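Secondary and tertiary structure notes
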Amino acid sequence: MKTLFIYLSLWLLASCAPKAQQGPFNPRALSRQWMLTKMEGFTKEELAKAGAFIDLTDLKKTNGKAGCNRIGFSTKAEANGHIQFSGVLSTRMYCAPFMKLEGAFIELLKHISIYKVEGHRIRFYNAKNKLLAEAVAADWD
């Protein structure tokens, strides 16, 4: 009986953690331009003023922006909700008000491991299920 209680407790705790996307892979749900609304260290207003976004419209040519520089990267997304951004490159214009945000955005991409799409919203997590960023679909009214 004690063993059963331990297994049930562990199952309950595991079910509380955010999980990678469940169900069949729907690339159309992921393949959108996502406007960042939440990122540690920055307000929603700062993200909006910078026009911060991640464009996953075409997973073969993904990019983003967090101020004045375009940021290109490779993206590998899987049906189980795992995602990896690599090969991050950026133009090199200096825009004083946005440099801190752009640096944090580039660093953020390196740590994202999991995505979860819920309607017109997406959440990005690291490998330990810590929420790193949230975004809303640019085409959502």
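Here we summarise the structure given alongside this text. (Residues numbered from 1 in each chain as written. Predicted model: local features only at pLDDT ≥ 70, side-chain atom pairs only at ≥ 80, totals over all residues. Heavy atoms only, no water.)

Let's talk about unusual backbone geometry
A positive phi angle, close to 65°, is found at Asn129, a residue other than glycine. As for its placement among the helices and strands, Asn129 is situated in the loop between β7 (121-125) and β8 (131-137). (Helix = DSSP H or I, 4+ residues; strand = E, 2+ residues; numbered from the N terminus.)

Let's talk about the pattern of salt bridges
Going through the model one piece at a time under the given rule, you end up with 7 salt bridges. Between Glu118 and Lys116 there is a salt bridge whose closest N-O contact spans 3.5 Å. On the basis of relative accessibility, which here comes to 38%, the residue Glu118 falls in the partly exposed class. Within this structure, Lys116, Glu118, Arg123 and Glu134 form a network of salt bridges that share partners. (Salt bridge = Lys/Arg side-chain N within 4 Å of Asp/Glu carboxyl O. Buried < 20%, exposed > 50% of the residue type's maximum accessible area, 1.4 Å probe, protein only.)

Notes on the sheet that holds strand β2 (residues 53-55)
Here we have 8 strands laid out as an open sheet, ordered β5-β4-β3-β2-β1-β8-β7-β6, and antiparallel in their pairing. This sheet does not close on itself; its edge strands, each paired only once, are β5 (83-90) and β6 (114-118). Taken pair by pair, the neighbouring strands of this sheet meet at an average axis angle of 25°, ignoring direction. When β2 meets strand β3 (residues 62-65), the two strands line up antiparallel, connected through 3 bridges. If you follow Asp55 over to β3, its bridge partner there is Asn63. Seen against the sheet, helix α4 (residues 99-111) touches β1 (33-39), β2, β3, β4 (70-77), β5, β7 and β8 and runs at an angle of roughly 105° to β1. (Pairing = 2+ DSSP bridges. Axes fitted to C-alpha atoms, helices over the stretch in contact; angles between N-to-C directions. Contact = heavy atoms within 4.5 Å.)

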